[in-house]
Amino acid sequence: MAYLLPHLNSGWEVDQAILQEEDRVVVIRFGRDTDSTCMVQDEVLMRVAEKVKNFAVIYLVDISKVPDFNAMYELYDPCTSMFFYRNKHIMVDLGTGNNNKINWALTDKQEIIDIMEIVYRGARKGRGLVVSPKDYSTKYRY
């Protein structure tokens, strides 16, 4: 379902998407379109895109076609989501220790909407780090 969301096909397009959006959060999913984890994430992002269109815009970047940001953002995971607001990277404290990005697929639509909303509200107040409504520190605990 990745074809239903806008793709950014160059480093310049990614920069312009981040720079030109003034009023909404820019959500960028970095990953490979053929990866199964990214396919799950893309499906959820596609389903929430219409609901969050007033405060967030979602883009997809295939890191094999646009390797410009792989080193800068440490994009080594199969699927990574990052948030930007007015040309500023917004970090999210998910309880995992890595506040820069979400490096797994969120499968619950409401969870991703909540995170986008928290990012938007915090970023509008000038905060560079927001706290997630849910703690993901025990996500992989058995």
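Throughout what follows, the structure given in this document is the object of discussion.

Parameters at a glance
- Residues numbered from 1 in each chain as written.
- Predicted model: local features only at pLDDT ≥ 70, side-chain atom pairs only at ≥ 80, totals over all residues.
- Heavy atoms only, no water.
- Helix = DSSP H or I, 4+ residues; strand = E, 2+ residues; numbered from the N terminus.
- Contact = heavy atoms within 4.5 Å.
- Buried < 20%, exposed > 50% of the residue type's maximum accessible area, 1.4 Å probe, protein only.
- Polar contact = N/O pair within 3.5 Å; in protein donor to acceptor, adjacent residues only side chain to side chain.
- Pairing = 2+ DSSP bridges.
- Axes fitted to C-alpha atoms, helices over the stretch in contact; angles between N-to-C directions.
- Parallel < 35°, antiparallel > 145°, perpendicular 65-115°, else oblique.
- Left-handed = near helix turned anticlockwise from the far one by under 90°.
- Nonpolar A, V, L, I, M, F, W, Y, C, P; charged D, E, K, R; others polar.
- Core = buried A, V, L, I, M, F, W, Y, C linked by side-chain atoms within 4.5 Å.
- Salt bridge = Lys/Arg side-chain N within 4 Å of Asp/Glu carboxyl O.

**Focus on the side chain of E21**
Point 1. Following the sequence through the fold, E21 ends up in the loop between helix 1 (11-20) and strand 1 (25-31).
Point 2. Aside from chain neighbours lying at most four places away, what touches E21 is V26, V57 and R86.

**So, the environment of D35**
Point 1. Along the chain, D35 turns up in the loop between strand 1 and helix 2 (36-49).
Point 2. On the basis of relative accessible area, D35 is assigned to the partly exposed category, the value being 23%.
Point 3. The sequence separation of D35 and P78 amounts to 43 residues, and the corresponding C-alpha distance is 6.9 Å.
Point 4. Of the polar contacts made by the side chain of D35, one reaches the backbone nitrogen of T37; its length is 3.0 Å.

**A closer look at the sheet that holds strand 3 (residues 79-85)**
Point 1. Taken in spatial order, the 5 strands of this open sheet run 2-1-3-4-5, and their pairing is mixed. Bordering the open sheet on either side are strand 2 (56-62) and strand 5 (129-131), each of which pairs with just one other strand. Sheet twist, expressed as the average angle between the axes of neighbouring strands with direction ignored, equals 35°.
Point 2. When strand 1 meets strand 2, the two strands line up parallel, connected through 7 bridges. Paired with G31 across the two strands is D62, which belongs to strand 2.
Point 3. Helix-sheet contacts for helix 1 involve strand 1, strand 2 and strand 3, and the interaxial angle to strand 1 is about 155°.

**Observations regarding the packing of helix 2 against helix 3 (residues 109-124)**
Point 1. Two elements in contact, helix 2 and helix 3, have axes whose closest approach is 10 Å; the angle formed by their N-to-C orientations is 70°. Classified by the angle their axes make, helix 2 and helix 3 are roughly perpendicular. As for the relative orientation of helix 2 and helix 3, their crossing is right-handed in sense. Every residue of helix 3 that contacts helix 2 at Q41, V44, L45, R47 and V48 is listed here: K109, I112, I113 and M116.
Point 2. A breakdown of the residues in the contact of helix 2 with helix 3 according to their chemical character gives 6 nonpolar, 1 polar and 2 charged.

**Overview of the pairing of strand 3**
Point 1. Burial runs high along strand 3: 7 of the 7 residues are buried.
Point 2. Of the two faces of strand 3, both are covered, the one formed by C79, S81, F83 and Y85 as well as the one formed by T80, M82 and F84.
Point 3. One ladder, built from 6 bridges, connects strand 1 with strand 3; its direction is antiparallel. Bridge pairing in strand 3 links V26 to F84.
Point 4. In sequence, strand 3 turns back onto strand 4 (residues 88-93) through a hairpin of 2 residues, with R86 there showing a positive phi of about 50°.

**Section: the nonpolar core**
Point 1. Ranked by size, the top nonpolar core spans 29 residues in total, and within it V25, I58, F83, I115, M116 and V119 carry the most contacts.
Point 2. Listed by contribution, the elements that provide at least two residues to this core are strand 1, helix 2, strand 2, strand 3, strand 4 and helix 3.
Point 3. Counting residues per element, this core draws most heavily on helix 3, at 7 residues.
Point 4. With residues near it in sequence (within four places) discarded, I58 still touches L5, P6, V27, L45, V48, A49, V52 and M116.
Point 5. Counting residues in hydrophobic clusters, the runner-up holds 17 residues, among them I28, F30, V66 and Y73.

**Re the pattern of salt bridges**
Point 1. Following the criterion strictly, the structure yields 7 salt bridges and no others.
Point 2. In this structure, K53 and E50 form a salt bridge, with 2.8 Å as the shortest nitrogen-oxygen distance.
Point 3. Exposure remark for E50: the relative accessible area of 54% places this residue in the exposed category.
Point 4. Close ionic contact of R121 with E117 constitutes a salt bridge, the shortest N to O distance being 2.7 Å. Here R121 pairs with E117, and both are found in helix 3, just 4 residues apart, close to one helical turn.

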